[in-house]
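As a plain string of letters, each chain reads:
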Amino acid sequence: MTFDRQNGKKHGTLTVRLWGEYSEEKCARVIGDWYRAIVRDRATSLLSVWESRIGVSANQIFIQRMKTRWGGCNPEKGNIRLNSELGKKPVECLEYILVHELIHLLEPTHNERFHALLRQHIPNWKARRKLLNSLPLSHEAWTY
């Protein structure tokens, strides 16, 4: 399996080449895995910066496809979930969601303290949220 990334970036398409048995399900699974890897790579590099800035440490980061949410946090366990669809969005959107969830490790609710911490760390968070919410949650119009 290979991804023709140059072609994908240059022309706005992603070309997936699969060896062996071909099916739409297999292709969809490969593409999903690719986006999870993108989010994991980006989140890993962002975590090294933001955990030290905020003064928290996430126990585990899970990347999964979510239908209605961009992220989630379990403050008691220190776990953060990120939507794999964030791999299709500008990196500043992923950064906003990651910081949002990291702040939940300090403040579990969306109270004034939470918003003050969010403003402190990402002053333009409302613009990032607006950009993210203006984009479709996912792109389902794949052609095989």
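First, a word on what this report is: a plain description of the structure on this page.

The rules behind each value
- Residues numbered from 1 in each chain as written.
- Predicted model: local features only at pLDDT ≥ 70, side-chain atom pairs only at ≥ 80, totals over all residues.
- Heavy atoms only, no water.
- Salt bridge = Lys/Arg side-chain N within 4 Å of Asp/Glu carboxyl O.
- Helix = DSSP H or I, 4+ residues; strand = E, 2+ residues; numbered from the N terminus.
- Buried < 20%, exposed > 50% of the residue type's maximum accessible area, 1.4 Å probe, protein only.
- Pairing = 2+ DSSP bridges.
- Axes fitted to C-alpha atoms, helices over the stretch in contact; angles between N-to-C directions.
- Core = buried A, V, L, I, M, F, W, Y, C linked by side-chain atoms within 4.5 Å.
- Contact = heavy atoms within 4.5 Å.

Considering the pattern of salt bridges
Opposite charge on two side chains makes pairing possible when the charged atoms of those side chains draw close.
Okay, so step 1: For the structure shown, the criterion picks out six salt bridges.
Okay, so step 2: A salt bridge links Glu95 to Arg128; its shortest N-O distance comes to 2.7 Å. Pair noted here: Glu95 is in helix α3 (residues 91-104) and Arg128 is in helix α5 (residues 125-134), with a separation of 33 residues, a long-range link.
Okay, so step 3: Note that Arg113 is salt-bridged to Glu107, the shortest N-O span being 3.1 Å.
Okay, so step 4: The partly exposed category is assigned to Arg113, whose relative accessible area is 43%.

Digging into the sheet that holds strand β5 (residues 79-83)
Okay, so step 1: Ordered in space as β3-β5-β4, the three strands form an open sheet in which the pairing is mixed. Every other strand in the sheet has two partners, leaving β3 (60-64) and β4 (71-74) as the edge strands with one partner each. Taking each pair of neighbouring strands and ignoring which way they run, the sheet shows an average axis angle of 15°.
Okay, so step 2: Pairing of β3 with β5, which is carried by five bridges, proceeds in the parallel orientation. Pairing of Gln60 across the sheet is with Asn79, part of β5.

Quick look at the pairing of β4
Strand residues, when the strand is regular, have side chains that alternate between the two faces of the sheet.
Okay, so step 1: As paired elements, β4 and β5 share four bridges and run antiparallel to each other. Paired with Gly71 across the bridge in β5 is Leu82.
Okay, so step 2: If you look at the hairpin formed by β4 and β5, you'll find four residues sitting between the two strands, and Gly78 has a positive phi there, around 75°.

Topic: the nonpolar core
Okay, so step 1: With 29 residues, the main nonpolar core has Leu82, Leu86 and Leu102 as its most contacted residues.
Okay, so step 2: Contact partners of Leu102, with chain neighbours within four places excluded, come to Leu47, Trp50, Glu51, Ile54, Val56, Ala58 and Ile80.
Okay, so step 3: Core analysis: the second largest hydrophobic core is formed by seven residues, Cys27, Val30, Ile31 and Ile38 among them.

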